[in-house]
Amino acid sequence: MSDIIQLLPDHVANQIAAGEVVQRPASVVKELLENAIDAGATNIKLLLKDAGKTLIQVIDDGKGMSTTDARMSFERHATSKIQKAEDLFNLSTKGFRGEALASIAAISHVELKTKQESEELGTSIKIEGSKIISQDFISTSEGTSMAVKNLFYNIPARRNFLKSDTVETRHIIDEFQRVALAHPVISFLLHHNNNEVYHLKSSNLRKRIVAIFGGKMNEKLVPINEQTDIVSINGFIAKPEFSKRKRGEQFFFVNDRFIKSSYLNHAVVNAFDGLLEQGSHPSYFLYLTVPPNTIDINIHPTKTEIKFDNEKALYAMLRATIKHGLGQYNVAPVLDFNRDANLDTSYHANKNAIKTSTPRIIVDPDFNPFKETAQKETNFPYKREQNMQSWESLYTSVAISDEEKQEELFKHQHDIKTQKTFQIQRKYLLSSIKSGVVLINQSLAHQRILYEEFLESITVKEANSQQLLFPVKISFLSQEIEMIYTMKTELENAGFSFDEFTKDSVIIKGIPVSVTESKITIILEELLNDMNLEVPDASFSHFDVMAKSFAKTLSIKTGTQLSGKEQEGLVNDLFSCKDPSVSPFGKATFKTLTLNEIDNLFNS
C-alpha cells in the first residue's frame, strides 16, 4: 500500500486554524484591538464597512514594527509576547498564541502599514489568502494601520453562515465595549459606514461606563473596592432597582482581560439575594486583579475562559465585597422601627386585588316609592341613582324602553347558557367540537393570530399608522440606536413613523394601530433582542422577526381573564389562520381529544 498520510500545505492549515480563531467579523476586531493595546497605543480608531464583511480597519499610534517584524507577524506561531512555556503563567499582554494574524490573512485581503519612531520610512505589506502580493517602503505616521477586506472571500460557505449586518454589528460593538471598558485611559473611536458610533476620550472608569451606556447610568452605579492578599476587587455594581430582565450589562475583567465565568456570576447574584425581583439580573462592571501565576488563560483561542487556583476563596470574597458595598451605600434593606407597617402596600397588591370579594347588596323589601313619607325621607343612594340617571340622559339621544332594559339585563345570562368555550386556570380554553373537545393555549393561539395579522400588514397590505398627539422620545444605547436605524425602513413598513435619530435617543411620532403608546419601549427592546438571535440574512427575515416579536410582546398572557365573547372570538380567529396548529415559534397551539379517547379514559 502507498503512504496516505501527508503534511497539509500552509495555506490549508491556516484556513483550518482560522476556523477556531476567526468565527465572525467581531473576532477580527477583538484580535486587532488587542494587538494595538499590546503595542502601547494611546489612541485607537476602528473603521467598519458592512458590519466588517467589506472592511475592518484598526489604526493605532503604538510603537509600530520593523520591516522584518512586519513580515514575520503573519507566520503561524510567530509572536513577541512569549519565548518559553513558563511565560504562559506570567502574562502581561493580551495575545500570546501567534495565530491571529496568520489566520486572518488566510481568509481575507490584508493591507498592513507600520512604522517605528526611530525609522524614516515605514513598511507596507499586502496579502491575499496567505500569499504576499507586495512589500514596499512607504511614508506613513508612527504606529500601525491594519486593514482587513473581504473577509471569508475564499470560504464562501463560511461567509454564508454569517448573520445579518445588524446582528454582526452588534457582536462587533460588544467586543469593542469590552476592550474599551478594560482600558479607560485609552482613547477609542468607532465609525461604521462613515457614521460615528463612539468617540471615547481618555478618562476614568466611571466616566468610561457612562460614555458607553449613557448618562442615566451614572445614578445607577455603586462603587466596589476591596484589597486582599489574594485578589484586588474594584469597579461598580448597579442598584437593585435598575436590574434588567435580560443579561446585558454584566462584565468581569481579570487583569484587564474580559472573561466569562458562570461561577463568579453566581457569587454576584447570591450577594443580591432578596433584593431582586424573580427573573431579574443585576448589572455589574467588576475588575479583579490577581497574581498572573495563579490563573491559566491558555484554555480556548478566544481567551475568555480562565482557570483559577483558588476559585472558592474568590467566590467568598466577591460575594462579601458586593454585600458590603450594598450595605455601605444604604442599598440593602434596613430595619426602621419608626415605620408604620399599616401604610405598607403589598408587592402583589395588584394580583390580590383580583381576588377581592363582591360587596353585598342589601335590599329593603318594605320600601314603597309612592308613599309621601318615603319621598321626603329618600336615602342618599336613591338620590345618587336619580342624579346618575339624569347625568346619563345628557348623553342619551334615544329613550330606552322597559323591554329593552329587560333584554339588556338578561343578555349576559343568555350568553352564559349558549357559551361553547370555557376558560381553565386563565391559561387554556376548552371548546366543544363534533368529534370531541379541543384544548387551546390562549397565549400561543393569540401569538399565531397576531403573527399572521402583522405579517400580512407588513408585507401585503399597507400598514396603518396612528399619529401620536405628542411624539415620544425613547433613550437607547448607541449600538441599539444603530440597530434601529438599520431597520428603519422595515419598521416604517410595519406602521412606525420616526421624527429624529440622535446618538442616544429616537423620537417616534407614529405607531401601528394595534400598538399602544405604553408598549412602544417594550416592543422595541424585545425586537432588538430578537434581532440578535435571528440567523438568516434575507430581506424577508426582518419582516418575519418583527412579526414574531410583535406577536410575542402584544399577545394575551397566561393569567388573563377572558369574557365569553373574547373566548369565542379567539377560537374563531385561530381557526381562520393559515396554519392554526402551531405558534410562530413552533409550539402547538391546541390539542384535540376525541370522544373515543375520552371514553377510553373511563373504561381503562
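Structure report, in brief.

### Observations concerning the overall build of the protein chain
Line of reasoning, step 1. Along its length, the protein chain carries 21 helices and 22 strands.
Line of reasoning, step 2. The burial tally for the protein chain puts 42% of its 604 residues in the buried class.
Line of reasoning, step 3. Pairs at least 24 apart in sequence give 69% of the contacts found in the protein chain among residues at least 6 apart.
Line of reasoning, step 4. Accessible surface computed for the protein chain: about 35,500 Å², of which carbon and sulfur atoms make up 51%.

### Quick look at helix α2 (residues 25–38)
Line of reasoning, step 1. The first and last C-alpha atoms of α2 sit 20 Å apart over 14 residues, in line with the 20 Å expected at 1.5 Å per residue.
Line of reasoning, step 2. Phi turns positive one or two residues past the end of α2, at Gly 40, with a value near 80 degrees.

### Digging into the pattern of salt bridges
Line of reasoning, step 1. What the rule picks out here adds up to nine salt bridges.
Line of reasoning, step 2. As a salt-bridge pair, Lys 30 and Glu 34 come within 3.2 Å of each other at their nearest N and O atoms. One end of the pair is Lys 30 and the other is Glu 34, both in helix α2 and four residues apart, which spans about a single turn. Each member of the pair, Lys 30 as well as Glu 34, is classed as buried.

### A few points about unusual backbone geometry
Line of reasoning, step 1. In this structure, Asn 193 takes a positive phi of about 50 degrees despite not being glycine.
Line of reasoning, step 2. Non-glycine residue Gln 425 carries a positive phi angle of around 55 degrees.
Line of reasoning, step 3. Tracing the sequence through the fold places Gln 425 in the loop between β16 (421–424) and β17 (428–433).

### Topic: the packing of helix α6 (residues 165–182) against helix α7 (residues 205–213)
Line of reasoning, step 1. Interhelical geometry of α6 versus α7 gives an angle of 160 degrees and a closest axis separation of 9 Å. Compared by their axis directions, α6 and α7 come out roughly antiparallel. Considering only the axes of α6 and α7, their crossing is right-handed. Here Gln 177, Ala 180 and Leu 181 of α6 come into contact with α7, specifically with Leu 205, Arg 208, Ile 209, Ile 212 and Phe 213.
Line of reasoning, step 2. Partitioned by chemical class, the residues of the contact of α6 with α7 number six nonpolar, one polar and one charged.

### Focus: the environment of Glu 168
Line of reasoning, step 1. One can find Glu 168 in helix α6.
Line of reasoning, step 2. Overall, Glu 168 belongs to the buried group, its relative accessible area being 0%.
Line of reasoning, step 3. Between the alpha carbons of Glu 168 and Ala 51 there is a distance of 5.8 Å; along the sequence they are 117 residues apart.
Line of reasoning, step 4. Side-chain polar atoms of Glu 168 contact the side chain of Arg 24, separated by 3.1 Å.

### A few points about the packing of aromatic side chains
Line of reasoning, step 1. All chains considered together, the criterion is met by 15 aromatic pairs.
Line of reasoning, step 2. Ring geometry for Phe 251 and Phe 253: centres 6.3 Å apart, planes at 5 degrees, overall stacked. An identical accessibility class is assigned to Phe 251 and Phe 253; each is buried.
Line of reasoning, step 3. Judged by centre distance (5.2 Å) and plane angle (55 degrees), the ring pair of Phe 575 and Phe 590 falls under tilted. With Phe 575 in the loop between α20 (564–574) and β22 (590–594) and Phe 590 in strand β22, this pair connects stretches of sequence that are 15 residues apart.
Line of reasoning, step 4. The exposure class assigned to Phe 575 is partly exposed, which follows from its relative accessible area of 40%.
Line of reasoning, step 5. Grouped by ring-pair contacts, the aromatic residues Phe 213, Phe 251, Phe 253, Phe 258, Phe 285 and Tyr 287 constitute a single cluster.

### Focus on the sheet that holds strand β3 (residues 109–115)
Line of reasoning, step 1. Read across the open sheet, the eight strands follow the order β5-β4-β3-β6-β2-β1-β7-β8; overall the sheet is mixed. Since the sheet does not close on itself, it has two edges, and those belong to β5 (131–138) and β8 (195–200), each with one partner. With direction set aside, neighbouring strand axes in the sheet form an average angle of 10 degrees.
Line of reasoning, step 2. Note that strand β2 (residues 55–60) and strand β6 (residues 143–149) share six bridges and pair antiparallel. Among the inter-strand pairings, Leu 55 is bridged to a residue of β6, identified as Lys 149.
Line of reasoning, step 3. Running over the sheet, α2 touches β1 (43–49), β2 and β6 and is turned about 10 degrees from β2.

### Remarks on the side chain of His 281
Line of reasoning, step 1. Within the secondary structure, His 281 is located in the loop between α8 (262–271) and β13 (284–289).
Line of reasoning, step 2. Discounting residues that sit within four places of it in the chain, His 281 has contacts with Ser 243, Lys 244, Arg 245, Lys 246, Arg 247 and Gln 250.

### Regarding the environment of Lys 565
Line of reasoning, step 1. Looking at the element boundaries, Lys 565 is found in helix α20.
Line of reasoning, step 2. Lys 565 gets classed as exposed once you look at its relative accessible area, which sits at 58%.
Line of reasoning, step 3. When the C-alpha atoms of Lys 565 and Thr 421 are compared, they prove to be 9.2 Å apart, with 144 residues separating the residues in sequence.

Basis of the calculations
The residue numbers shown here count from 1 along each chain, following its written sequence. Local features are withheld for residues below a pLDDT of 70 in this predicted model, meaning they are given only at 70 or higher, and side-chain atom pairs are given and counted only at 80 or more; totals for whole chains, interfaces and linings count all residues. In computing side-chain properties, one takes all heavy atoms of the structure into account and sets aside hydrogens as well as water. By the criteria applied, helices consist of DSSP H or I runs no shorter than four residues and strands consist of E runs no shorter than two, each listed in order from the N terminus. Classification of residues uses two cut-offs on accessible area relative to the type maximum, computed with a 1.4 Å probe and protein chains only: under 20% is buried, over 50% is exposed, and between them is partly exposed. Contacts are assigned to residue pairs with any non-hydrogen atoms lying within 4.5 Å of each other. The Shrake-Rupley method, run with a 1.4 Å probe sphere, supplies the accessible areas, and residue values consider only the shown protein chains as cover. To estimate the expected span of a helix, subtract one from its residue number and multiply by 1.5 Å. A pair is scored as a salt bridge if a Lys or Arg side-chain nitrogen falls within 4 Å of a carboxyl oxygen belonging to Asp or Glu. Note on method: axes are straight lines fitted to C-alpha atoms, helices fitted across the in-contact stretch only, with angles between N-to-C directions ranging 0 to 180 degrees. An angle below 35 degrees is read as roughly parallel, one above 145 as roughly antiparallel, one from 65 to 115 as roughly perpendicular, and any other as oblique. Working rule for handedness: look at the near helix, and if it is turned counterclockwise from the far one by less than a right angle, call the crossing left-handed; if clockwise, right-handed. The residue classification treats Ala, Val, Leu, Ile, Met, Phe, Trp, Tyr, Cys and Pro as nonpolar and Asp, Glu, Lys and Arg as charged. All others, Gly included, are polar. The term polar contact refers here to a pair of N or O atoms within 3.5 Å; inside protein, the definition further demands a hydrogen-donor-capable atom paired with an acceptor-capable atom, and it admits residues adjacent in sequence only when both atoms are side-chain atoms. Side-chain rings of Phe, Tyr and Trp, where Trp is taken by its six-membered ring, are said to pair if the distance between their centres is within 6.5 Å; with planes under 30 degrees apart they count as stacked, over 60 as edge-to-face, and otherwise as tilted. Here a strand pair is declared whenever DSSP counts at least two bridges between the two strands.

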